[in-house]
Amino acid sequence: MQAARGAFAPANRQAELLSRLSERIGGNAILAGDDVGDGYRGDATDERGERPAIVFRPSTTAEVAAILEECNRLGQPVVVQGGRTGLAGGARPGAGEVSLSLERMVSLSVVDEDAATVIAEAGVTLHAVQQAAADCGLFFGVDIGARGTSTIGGNVATNAGGIRVLRYGMYRSQILGLEVVLADGTVLTSLKGLPKDNSGFDLNQLFVGSEGVLGVVTRACLRLHPEPRSQANAFAGCRP
Ligand SMILES: Cc1cc2nc3c(=O)[nH]c(=O)nc-3n(C[C@H](O)[C@H](O)[C@H](O)COP(=O)(O)OP(=O)(O)OC[C@H]3O[C@@H](n4cnc5c(N)ncnc54)[C@H](O)[C@@H]3O)c2cc1C
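The following paragraphs examine the structure supplied in this document. As a convention, each chain's residues are numbered from 1 in the sequence order in which they are written. Local features are withheld for residues below a pLDDT of 70 in this predicted model, meaning they are given only at 70 or higher, and side-chain atom pairs are given and counted only at 80 or more; totals for whole chains, interfaces and linings count all residues. In computing side-chain properties, one takes all heavy atoms of the structure into account and sets aside hydrogens as well as water.

1. Focus on the layout of surface pockets
Argument step 1. In this structure, the largest pocket occupies an estimated 650 Å³ of space.
Argument step 2. Using a grid of 1 Å spacing that covers the protein atoms alone, one calls a set of points a cavity when a 1.4 Å probe fits there but cannot get out, and a pocket when the set is open and has protein on both sides within 12 Å along at least five of seven lines; lining residues are those with an atom within 4 Å of a point. For the largest pocket, the lining is made up of 36 residues, of which Gly86, Gly154, Ala157, Thr158 and Glu211 are closest to its centre.
Argument step 3. Helical segments are the DSSP runs of H or I of at least four residues, strand segments are the runs of E of at least two, and each set is numbered from the N terminus. The set of elements that each furnish at least two residues to the lining of the largest pocket consists of strand S3 (78–81), helix H4 (152–158) and strand S9 (216–223).
Argument step 4. Residue contributions to the lining of the largest pocket peak at five residues, all from H4.
Argument step 5. Side-chain classes are defined by residue name, with Ala, Val, Leu, Ile, Met, Phe, Trp, Tyr, Cys and Pro counting as nonpolar, Asp, Glu, Lys and Arg as charged, and the others, Gly among them, as polar. Looking at the lining of the largest pocket residue by residue, the classes come out as 16 nonpolar, 16 polar and four charged.
Argument step 6. An automatic or database domain assignment is the source of the domain bounds shown. There are two domains that each give the lining of the largest pocket at least three residues, and those are domain 1 (10–101) and domain 2 (117–226).
Argument step 7. Grid points are joined across faces, edges and corners, and a volume is the space filled by probe spheres set on the points. Estimates place the volume of the second largest pocket at around 450 Å³.
Argument step 8. Taken together, 24 residues make up the lining of the second largest pocket; nearest its centre are Leu176, Ser190, Asp197, Asp202 and Asn204.
Argument step 9. Those elements that place two or more of their residues in the lining of the second largest pocket are strand S7 (175–181), strand S8 (187–190) and helix H6 (203–207).
Argument step 10. Broken down by element, the lining of the second largest pocket gets its largest block of residues, five residues, from S7.

Shown next as structure tokens:
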């Protein structure tokens, strides 16, 4: 996410950022210097990016908003990171970027069995959603190999597909509402979970597949499905 340009040189800017944010967010939410592990440099490919000078690990939407607001004020570029299982380099830090990792936002609501919905924070893994649905006799419509590590925020941001896509559709088809923080810290919340909603533009869908460029997904209201009564596997061969 590219913020507006600020008046500070990069090193001074990051020092100023730390000073401003250490007063606004919890101490556990900031890693800096040698505390930044190697894992934050990359995704599931072999290619490594820069080691970010700062990794922000917010645990609430309000902290995400504070981080983005200050980064925007100072012109500090940000890379958003979920489970870092992407294969396209979107979560790989570039020179001078700080990381915003959603790994501590891991709350999952109780499944609403009547509405067949669940609300997940961005850092919840795909597998945790699948399991919560299964525990209530319901089913989540997306499955990918990276289910144990990839996060709901990353899945939304990449519009993940996977092995159930022909039956249940892409990730975008599973989304009934989102909470998103824009680059200036504005929070957009639309977590009503109503399938019938014709109140103007559907802004949620704009953020699906936007790879962190338009805003940071902090929560998603996800559609669940009845569990299939039976499943069968088949191999199909094609003539070359
Ligand atoms: C074994 C394996 C199998 C896979 N199979 C599939 C598959 O079948 N189908 C498929 O589509 N993908 C697949 N992938 C790719 C990857 O798992 C998905 O793209 C996944 O959705 C990424 O989620 P993540 O949390 O790891 O995101 P990350 O890799 O951390 O980030 C991916 C992108 O989303 C952005 N982002 C992350 N979190 C947020 C957020 N909260 N708000 C805004 N932007 C954010 C990042 O900036 C980056 O641009 C596979 C990967 C592996 C390793």
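The discussion continues.
2. Describing the site of the ligand
Argument step 1. Taken together, 31 residues form the shell around the ligand, and within it Val80, Gly82, Thr85, Thr151 and Glu211 come nearest.
Argument step 2. For the ligand, an oxygen atom lies 2.8 Å from a polar atom in the backbone of Gly86.
Argument step 3. Measuring from an oxygen atom of the ligand, one finds a side-chain N or O atom of Glu211 at 2.7 Å.
Argument step 4. Residue-level accessible areas treat just the shown protein chains as cover; the underlying method is Shrake-Rupley with a 1.4 Å probe. For the ligand, whose unbound accessible area comes to 970 Å², protein coverage reaches 82%.
Argument step 5. If over half the atoms of a molecule are within 2 Å of the grid points of a cavity or pocket, the molecule is regarded as sitting in it. Counting atoms within 2 Å of the grid points, the majority share of the ligand lands in the largest pocket. The rule for a residue being near a molecule or strand is that one of its heavy atoms must lie within 4 Å of it. Polar contacts, as counted here, are pairs of nitrogen or oxygen atoms within 3.5 Å of one another; within protein the pair requires one atom able to donate a hydrogen and one able to accept it, and residues that are adjacent in sequence qualify only if both atoms are side-chain atoms.

3. Side note on the packing of helix H1 (residues 10–22) against helix H2 (residues 61–74)
Argument step 1. Here the axes come from fitting lines to C-alpha atoms, over the contacting stretch only for helices, and the angles between their N-to-C directions go from 0 to 180 degrees. It is at 10 Å that the axes of H1 and H2 come closest, and there the two elements cross at 145 degrees. Considering only the axes of H1 and H2, their crossing is right-handed. Along its contact with H1, which presents Arg13, Glu16, Leu17, Arg20 and Leu21, the element H2 presents Ala66, Ile67, Glu70, Cys71, Arg73 and Leu74.
Argument step 2. Residue composition of the contact of H1 with H2, grouped by class: six nonpolar, no polar and five charged. For any helix crossing, the convention is left-handed if the near helix is rotated counterclockwise from the far helix by under a right angle, and right-handed if that rotation is clockwise. By definition in these notes, contact holds between two residues if any of their heavy atoms fall within 4.5 Å.

4. Considering the pattern of salt bridges
Any two side chains of opposite charge can pair, so long as their charged atoms come close to each other.
Argument step 1. Think of a salt bridge as a Lys or Arg side-chain nitrogen and an Asp or Glu carboxyl oxygen that are within 4 Å of each other. Inspection of the entire model under this criterion finds 15 salt bridges.
Argument step 2. Measuring nitrogen to oxygen at the nearest pair gives 3.1 Å for the salt bridge that ties Asp38 to Arg51. Remark: Arg51 occurs in the loop between strand S1 (30–32) and strand S2 (54–56) and Asp38 occurs in the loop between S1 and S2; sequence separation between them is 13 residues.
Argument step 3. Given the relative accessible area of 43%, Arg51 is considered partly exposed.
Argument step 4. Here Asp143 makes a salt bridge to Arg147, at a shortest N to O gap of 2.6 Å. We call a residue buried when its accessible area falls under 20% of the maximum for its residue type, exposed when it is over 50%, and partly exposed in between, using a 1.4 Å probe and counting protein chains only.

5. A closer look at the side chain of Arg57
Argument step 1. Position of Arg57 relative to the elements: it lies in the loop between S2 and H2.
Argument step 2. Engagement of the side chain of Arg57 in a polar contact is seen with the side chain of Glu103, the distance being 2.7 Å.
Argument step 3. In this view, Arg57 contacts Asn28, Ala29, Leu31, Tyr40, Ser101, Glu103 and Arg104; residues no more than four positions away in its chain are not counted.

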